[in-house]
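One-letter residues, chain by chain:
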Amino acid sequence: MENVTVVDHPLVQHKLTIMRDKETSTASFRRLLREIAHLLCYEVTRDLELETVEIETPMETMQAPTLKGKKLVFASILRAGNGLLEGMLDLVPAARVAHIGLYRDHDTLQPVEYYFKAPSDVADRLVIVVDPMLATANSAIAAVDRLKRRGANNMRFLCLLSAPEGVAAFTKAHPDVPVFTAAIDQKLNEQGYIVPGLGDAGDRMYGTR
Ligand code: PRP
Ligand code: URA
């Protein structure tokens, strides 16, 4: 699929399998999500531009590569996005953070916004929107719409698991936003859950129901 990258690294796939297992504890689920976030962050930032700066090593002066330009924004779709966010911040601690509070109405599957806070200069930055699950894509589409209204114009969407229906809906709504995912599962069930999936990511992360 155009504009969609499936990160099929063996370590990602191995950890994802443990996360899918319903016997995996809340503590392990959270730890694995953070670890996978490191690996996904590596892929989603692979083409960031570098510039050269002069430094002194203990041996001599050298021209060394460093990230160019303004820093990143990681935009977490609450709640479950925070699991990915933590791992991303481990790798890029200076990134700015946006929070978008959305929950899915269980009956309509439409997102309901309850919080929005983003850096004022999102227009000048690469914004990586993170949420472990892309199911119907209603939440991800709404989050990206909201960030675009705030001025963001350079975005990527990063998730752990997606449904084919969600990937199709998201890329149709936002063809300018590349998608990175660890897996595209079989389908959505009648309740809008990804199958085989891993269940409700927020509940599994925080031990709620
Ligand atoms: C989950 C998930 C996504 C959304 C995906 O959040 O983290 O945000 O559902 O579904 P969609 O693609 O059909 O919109 P949920 O609404 O359960 O909120 P939570 O993270 O607070 O549990
Ligand atoms: N949200 C989740 O957490 N899991 C799904 O399978 C679908 C939406």
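Heads up: the structure comes first, above all this text.
This structure is a prediction, so every number in the text was calculated from the model and none was measured.

(A) View of the overall build of the protein chain. When helices and strands are tallied, the protein chain shows six helices and 14 strands. What you see for the protein chain is a C-alpha radius of gyration of 18 Å, in line with the 17 Å of a compact globule of 209 residues. The dimensions of the protein chain, computed from C-alpha atoms along their principal axes, are 60 × 40 × 30 Å. Per-residue burial for the protein chain yields a buried fraction of 45% across its 209 residues. By sequence separation, contacts in the protein chain at least 24 residues apart represent 64% of the contacts at least 6 residues apart. As presented, the protein chain carries roughly 10,900 Å² of accessible surface, and 51% of it is formed by carbon and sulfur atoms. Placing the 24 positive and 27 negative side-chain charges of the protein chain at their respective mean positions leaves the two points 4 Å apart.

(B) Layout of helix α1 (residues 10-20). Listed in full, the buried residues belonging to α1 are Val12, Lys15, Leu16 and Met19. In a view along the axis of α1, the buried residues occupy a sector of 105 degrees, so they form one face of it. Facing away from the buried side of α1, by more than 90 degrees, are the exposed residues Pro10, His14 and Thr17. Of the surrounding elements, those touching the buried residues of α1 are α2 (26-44), β10 (161-162), β12 (183-184) and α6 (201-206).

(C) Quick peek at the site of ligand 2. Around ligand 2, the neighbouring residues are Arg104, Met133, Ala135, Gly192, Tyr193, Ile194, Gly199, Asp200 and Ala201. Between ligand 2 and Gly199 there is a distance of 2.8 Å, counted from a nitrogen atom to a backbone nitrogen or oxygen. One nitrogen or oxygen atom from the main chain of Ala201 is found 2.8 Å from an oxygen atom belonging to ligand 2. For ligand 2, whose accessible area on its own is 240 Å², the fraction buried by protein is 89%. Of all the cavities here, the one that holds ligand 2 is the largest pocket. Its residues placed into classes, the shell around ligand 2 shows five nonpolar, two polar and two charged.

(D) Quick peek at the sheet that holds β12. If you walk across this open sheet you meet the three strands as β8-β10-β12, and the pairing is parallel. Unpaired on one side and paired on the other, β8 (133-134) and β12 mark the two borders of the sheet. Alignment of β8 against β10, held across two bridges, turns out to be parallel. What sits directly across from Met133, in β10, is Leu161.

(E) Structural detail: the environment of Pro196. Checked against the element boundaries, Pro196 lands in the loop between β14 (194-195) and α6. Overall, Pro196 belongs to the exposed group, its relative accessible area being 59%. Note: C-alpha distance between Pro196 and Asp185 (eleven residues apart in sequence) is 6.7 Å. For Pro196, the residues in contact, after removing those within four places along its chain, are Arg20, Asp185 and Gln186.

(F) Representation of the packing of helix α4 (residues 138-149) against helix α5 (residues 164-173). Taken N-terminus to C-terminus, the directions of α4 and α5 make an angle of 20 degrees; their axes are 9 Å apart at the nearest point. Comparing the axis directions of α4 and α5 gives the class roughly parallel. Judged by the twist between their axes, the crossing of α4 over α5 is right-handed. Where α4 abuts α5, its residues Ala140, Ile141 and Val144 lie against Ala169, Phe170 and Ala173. Of the residues contributing to the contact of α4 with α5, the split by class is six nonpolar, no polar and no charged.

(G) Representation of helix α3 (residues 81-91) in the model. Listed as buried for α3 are Gly81, Gly83, Leu84, Leu85, Gly87 and Met88. Structurally, α3 contributes buried residues whose contacts are with α2, β4 (73-78), β5 (96-104), β7 (127-130), β9 (155-158) and α6.

Cut-offs used in this document
Residues numbered from 1 in each chain as written. Chains lettered and ligands numbered in written order. Predicted model: local features only at pLDDT ≥ 70, side-chain atom pairs only at ≥ 80, totals over all residues. Heavy atoms only, no water. Helix = DSSP H or I, 4+ residues; strand = E, 2+ residues; numbered from the N terminus. Rg over C-alpha atoms; globule rule 2.2 N^0.38 Å. Buried < 20%, exposed > 50% of the residue type's maximum accessible area, 1.4 Å probe, protein only. Contact = heavy atoms within 4.5 Å. Areas by Shrake-Rupley, 256 points an atom, 1.4 Å probe, with all protein chains shown as cover. Lys, Arg positive; Asp, Glu negative; His and termini not counted. Charge placed at Lys NZ, Arg CZ, Asp CG, Glu CD. Arc of directions from axis to C-beta. Near = heavy atom within 4 Å. Polar contact = N/O pair within 3.5 Å; in protein donor to acceptor, adjacent residues only side chain to side chain. 1 Å grid on protein atoms, 1.4 Å probe; cavity = no way out; pocket = protein on both sides within 12 Å on 5 of 7 lines; lining within 4 Å. Sits in = over half its atoms within 2 Å of the grid points. Nonpolar A, V, L, I, M, F, W, Y, C, P; charged D, E, K, R; others polar. Pairing = 2+ DSSP bridges. Axes fitted to C-alpha atoms, helices over the stretch in contact; angles between N-to-C directions. Parallel < 35°, antiparallel > 145°, perpendicular 65-115°, else oblique. Left-handed = near helix turned anticlockwise from the far one by under 90°.

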